[in-house]
Structure formats: structure tokens, C-alpha cells
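# Chains, contacts and geometry: an overview
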Amino acid sequence: MKKSTDIHNLSVLLQQWYAEHKRVLPWRETTDPYKIWLSEVILQQTRVDQGSAYFQRFVRIFPTIESLASASEQEVLKLWQGLGYYSRARNLHAAAKQLVTDFNGKFPKKYSDIISLKGIGEYTAAAIASIAFNQPYAVVDGNVLRVISRLFRVKEPVNSAEGKKIITEIAQQLLDERNPAIHNQAIMDFGAMVCTPRQPRCSQCPLQFHCAALAEGSVLMYPVKIKAKKSTDRYFHYFHINHRDSTYIHKRDASDIWKNLYEFPLIETKQATDFTELGRNDLFLSWFGENPAGVFSSVYGVKHVLSHQNIHTQFYRVVLPDSEPFGMPENFIRISSSSISNYPVSRLIHKYLERFHH
Ligand code: SF4
């Protein structure tokens, strides 16, 4: 379809705005597809300021696809620690191996090859194809969804298949095919800095005379979204044991959250449970017995929110007398207390250790 002058004009305005206001970010200085891929994966669900430090550390420790592919999963997860959504790190690692096996360690240029890599969806594939190889694929991330839904008053929910399809088509129309790299980065930065979720800066917006939602006075009604699925509540009780300068951890392996990450002994209960009730729990009794000799103190309670799950967590510190023997079942590993920092753990435990483990 031929583009109207009007829609082309929007890209010109976006690029002019970008030339003046673009953010200086470490991955902007490169067209290396490996680094662009890394930055895109790190920045999904992560703020730019936090993501930058991780990006720089990753590039330093794994400067090439080969170095990432030959690392162990534990090393990769450890480096990822604190970012959450660990499946991103696992996919990154798996895709690096795929790149070595199937593409000679080089990033492919073809969109269909890029999207065949583990964990790379439409958004990341379009970002790599356009930013690294200047190919005409429009990116559609949360910022782009918001900007387009407001500019064109898209009524279909942006989290429905239909809404996404409509917006992707408009995004492709809007794309300046001669400058896809600049155009895509411009519209994403614009969404992050001007057309923001709650307080868009419409009075300073270079697109204000083209914006259907602004003309109608309904900016904050967009993007339209279908209500997200209700979250379930879970109740976790962790025991940070201290016995002869050692503690116990185990590796999560169930088909549940935090696969392959380490954690303290955990009792999960169906509802909120205080320490007295916990003392009657079978698992608790099998670990510590009926009248535990140690000192149990409740040090930290927190609600940790994941997509679709609220993890209500209580951390207990357990100081057991050195004079008496103590052991946990075989699926737990006994480690020296100070070496806990060598193990990849969930963001929840990471936060606890940052505050309470010195
Ligand atoms: Fe977004 Fe406001 Fe600009 Fe419309 S006028 S694109 S709502 S910032």
C-alpha cells in the first residue's frame, strides 16, 4: 500500500525529535547484533538505568557469542541475578549455543533465521533486523503500542491478538523504510519520554496536531486493555539456618517458578500461617523436631509480586547450637554461610540477602 504523505510526515517529526532528545545509552554506540540482542533481552521488563549496568557486565564477561555459549548455565544465571524473569537468561544462553551450532557463531541477517532463535519473538527480531542490519521491520513494544493506540485511537485492546495485529500494521505503515534503525529507536524513546503512560507531555509533543486521542480529549483512555488474569496468592516460609558457620540450600527443579535457582529450605502453606502453626507442619517437624533447640527469629516479611502470582514470604533466621549435631535431608546442600553469594538465587532471595546477610 502506498503511504500517505501524512503518515510519512509523522516519522519525519519523530526522527527530528529523536535527533535532539535521544537518550545516550551504551548499546546505542554499536551495530553489533550480539550487543543489540543482549540489550533488548535485558531491557524487557527492566528499567534502563538498572539494565545498563547488567548490559555492561555481560558484555565484559561474555564479549562474544562463543563465550556466552560455552559458559555454564549457573554462570549465566548468576550474572543475571537481580533482574528476575530468569527464563530470559536461559533462552539467551540456549540461543547462543544455537548460534554456534547452526550459524557458525555469527548472527544471521535474515529475519526468519533471527526469529528461529530461542526466546526471540517478533519484537526482538524486528529490533535486531532493523537496528543491526537496517532492514525495514517495525518494532512493536509497549511504548509503540501506547503511542499508536493514542495517535490513531485504536479501540481494540492492545493485549488482544486483534489489537496487536492492527497496531503492527499501522507501525509498519509508519516506518520510514529508508531509516528503520533510527525510526524504530525514535518511536520507542518517544513513548518512553513524551507519550508516557500516566502523564504524557502532550503540550510539548511534536505530534500533537496529528493525535486523534488528544483531539478528542481522551488520551488517558488509551491504550485500551483487557483486564489481566487474577493473581493467585502463595505463602512461602524460608529458613535461613546458621549452624557451625554453615547454612542449607537446595536447587529448585520442579516445573514451577525459579527453576534451577537455589533457595533456603522452604515450607509453602495454602494460607497465611504464623510461627506457632508452622511448628505443627509436618515438614517443619521433620527438619527441626518438636521442641527445636535453636533460636528462630522472624526477620523479614514481604509480598513479592510475579506475573499472576503474589508470593507472601516470611524469612526466618534459625540459629542452631553448635554443640549439637544437625542435618537436613539429602536434597539439601550444606554450604559455608559466606558462600551463598556464589549461587544463583531468585530476586526475592537476592533482596533478602542484600538487606540481611553481611
Ligand atoms: Fe502522545 Fe499526547 Fe503526543 Fe498524542 S499528543 S502522541 S497522547 S504525547
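Higher on the page you've got the structure.
Below is a summary of the structure that appears in this document. (Residues numbered from 1 in each chain as written. Predicted model: local features only at pLDDT ≥ 70, side-chain atom pairs only at ≥ 80, totals over all residues. Heavy atoms only, no water.)

### Quick look at the overall build of the chain
- Scanning the chain from terminus to terminus reveals 15 helices and seven strands.
- Its C-alpha atoms give the chain principal-axis dimensions of roughly 80 × 50 × 30 Å.
- Considering the chain as a whole, with its 358 residues, one finds that 49% of them fall into the buried category.
- Carbon and sulfur atoms provide 51% of the accessible area of the chain, an area that totals close to 18200 Å².
- Between the averaged position of the 43 positive side-chain charges in the chain and that of its 34 negative side-chain charges there is a distance of 4 Å. (Helix = DSSP H or I, 4+ residues; strand = E, 2+ residues; numbered from the N terminus. Buried < 20%, exposed > 50% of the residue type's maximum accessible area, 1.4 Å probe, protein only. Areas by Shrake-Rupley, 256 points an atom, 1.4 Å probe, with all protein chains shown as cover. Lys, Arg positive; Asp, Glu negative; His and termini not counted. Charge placed at Lys NZ, Arg CZ, Asp CG, Glu CD.)

### Describing the site of the ligand
- Taken together, Arg150, Leu151, Cys195, Cys202, Cys205, Gln208, Cys211, Leu214 and Val219 make up the full set of residues near the ligand.
- For the shell around the ligand, the residue count by class is seven nonpolar, one polar and one charged. (Near = heavy atom within 4 Å. Nonpolar A, V, L, I, M, F, W, Y, C, P; charged D, E, K, R; others polar.)

### What to know about the pattern of salt bridges
- If you walk through the whole model with that rule in mind, you get 11 salt bridges.
- With a shortest N-O distance of 3.9 Å, Lys165 and Glu169 are connected by a salt bridge. Of this pair, Lys165 and Glu169 are both found in helix α10 (residues 161-174), four residues apart, which corresponds to roughly one turn of the helix.
- By relative accessible area, Lys165 is classed as partly exposed at 48%. (Salt bridge = Lys/Arg side-chain N within 4 Å of Asp/Glu carboxyl O.)

### Side note on the packing of aromatic side chains
- What the rule picks out here adds up to 32 aromatic pairs.
- Aromatic pair Trp287 and Phe332: ring centres 5.5 Å apart, planes at 85 degrees, arrangement edge-to-face. In this pair, Trp287 is assigned in helix α14 (residues 282-288) and Phe332 in the loop between β6 (309-319) and β7 (333-336), connecting sequence segments 45 residues apart. Both residues of the pair, Trp287 and Phe332, belong to the buried class.
- Members of the aromatic cluster, joined through ring pairs, are Phe239, Tyr248, Phe275, Phe284, Trp287, Phe288, Phe296, Tyr316, Phe326 and Phe332.
- One Lys or Arg, Arg57, reaches over the ring of Tyr54 and ends 4.8 Å from the middle of that ring. (Phe/Tyr/Trp six-rings, centres within 6.5 Å; stacked < 30°, edge-to-face > 60°. Lys NZ or Arg CZ within 6 Å of the ring centre and 35° of its normal.)

### Description of the pairing of strand β5 (residues 295-306)
- Relative to β6, β5 runs antiparallel, the two being bridged by 11 bridges. Across the sheet, Val305 pairs through a bridge with Asn310, a residue of β6.
- Between the antiparallel neighbours β5 and β6 lie two residues, among them His308 with a positive phi of about 70 degrees. (Pairing = 2+ DSSP bridges.)

### Quick notes on helix α5 (residues 73-80)
- Three or more residues of α5 are buried, namely Val76, Leu77, Leu79 and Trp80. Down the axis of α5, the smallest arc covering the buried residues is 160 degrees, so these residues share one side.
- Each element contacted by the buried residues of α5 is listed here: α2 (33-43), α3 (48-61), α4 (65-69) and α6 (87-103).
- Gly82 sits one or two residues past α5 and shows a positive phi near 105 degrees. (Arc of directions from axis to C-beta. Contact = heavy atoms within 4.5 Å.)

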